[in-house]
Amino acid sequence: KTHIYCPCSKHFWMPFTLVHGVISFFVLPFFTKDRRLWLPAFIAGMLPDIDGFPILWDMELFYAIHHELLHPLIYGIVLGIPAALLLNYFFKIDKAKSLLVFATAFMLHPVFDVFFTNWPVKLFWPLYNEQFSYPFFIDYNLLLWPLVPVMVAVPFIIDYFRNRAKSGALHQNG
């Protein structure tokens, strides 16, 4: 079997997986103000790379299934439904909001892989079996790392200013 070069090689697999979680965490404030969804979004952003665990013991298996097993977009919904039900049951978080946040965070991961790696992804499987890879930004992968602290800080900064604006409005009305 021909191996496809992957910039997220054995040495970079986990860090790039974490970047996916951070990207989801960064995008989250545009969908909800509910802080209880921050961790599920972070986890959902990394979840597609669970199919990469064979890198720890079998490179052949890794190359055979990574980007094949959990990277189709449909899994954002398939896994988002039980996640939303569990979040609603245990934490009373709105099911629709949970599904939207989880599915979006999950789906961002394979979309970013299409543009930031040269490893093809079957985005629309099972409806469409074609693999997509448009590595326009592959040379900028390492530029994501300096952005990680900024990306992590942005939701907290947004939350800080929202709370400050609310407390200012309360003081003016009180």
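Residues numbered from 1 in each chain as written. Predicted model: local features only at pLDDT ≥ 70, side-chain atom pairs only at ≥ 80, totals over all residues. Heavy atoms only, no water.

### Observations regarding the overall build of the chain
Per the secondary structure count, the chain includes six helices and zero strands. When the helices and strands of the chain are read in sequence order from the N terminus, they spell out α-α-α-α-α-α. Taken across its 174 residues, the chain has 41% of its residues classed as buried. Pairs at least 24 apart in sequence give 63% of the contacts found in the chain among residues at least 6 apart. On the chain, roughly 10,200 Å² of surface is accessible, and the fraction owed to carbon and sulfur atoms is 71%. (Helix = DSSP H or I, 4+ residues; strand = E, 2+ residues; numbered from the N terminus. Buried < 20%, exposed > 50% of the residue type's maximum accessible area, 1.4 Å probe, protein only. Contact = heavy atoms within 4.5 Å. Areas by Shrake-Rupley, 256 points an atom, 1.4 Å probe, with all protein chains shown as cover.)

### Details of the packing of aromatic side chains
On inspection of all chains with the given rule, the structure shows 10 aromatic pairs. A network of ring pairs unites the aromatic residues Phe115, Phe124, Tyr128, Phe132 and Tyr134 as a single cluster. It is lysine 92 that lies over the ring of tyrosine 89; its NZ or CZ is 5.7 Å from the centre. (Phe/Tyr/Trp six-rings, centres within 6.5 Å; stacked < 30°, edge-to-face > 60°. Lys NZ or Arg CZ within 6 Å of the ring centre and 35° of its normal.)

### With respect to the confidence of the model for the chain
Per-chain confidence: the chain averages 80 in pLDDT, with 79% of residues scoring 70 or above. Contacts for the low-pLDDT stretch residues 1-15, under 50 throughout, to residues beyond four places or in other chains number 31 contacts. (pLDDT = per-residue confidence, 0-100.)

### Focus on the packing of helix H4 (residues 74-91) against helix H5 (residues 95-116)
It is the contact of H4 with H5, at a shortest axis distance of 8 Å, that shows an interaxial angle of 140°. Between H4 and H5, the angle is such that the two are oblique. Crossing handedness for the pair H4 and H5: right-handed. Contacts between H4 and H5 pair Tyr75, Gly76, Ile77, Leu79, Gly80, Ile81, Ala83, Ala84, Leu85, Leu87 and Asn88 from the former with Lys95, Ser98, Leu99, Phe102, Ala103, Phe106 and Met107 from the latter. Looking at side-chain class alone, the contact of H4 with H5 contains 13 nonpolar, four polar and one charged residues. (Axes fitted to C-alpha atoms, helices over the stretch in contact; angles between N-to-C directions. Parallel < 35°, antiparallel > 145°, perpendicular 65-115°, else oblique. Left-handed = near helix turned anticlockwise from the far one by under 90°. Nonpolar A, V, L, I, M, F, W, Y, C, P; charged D, E, K, R; others polar.)

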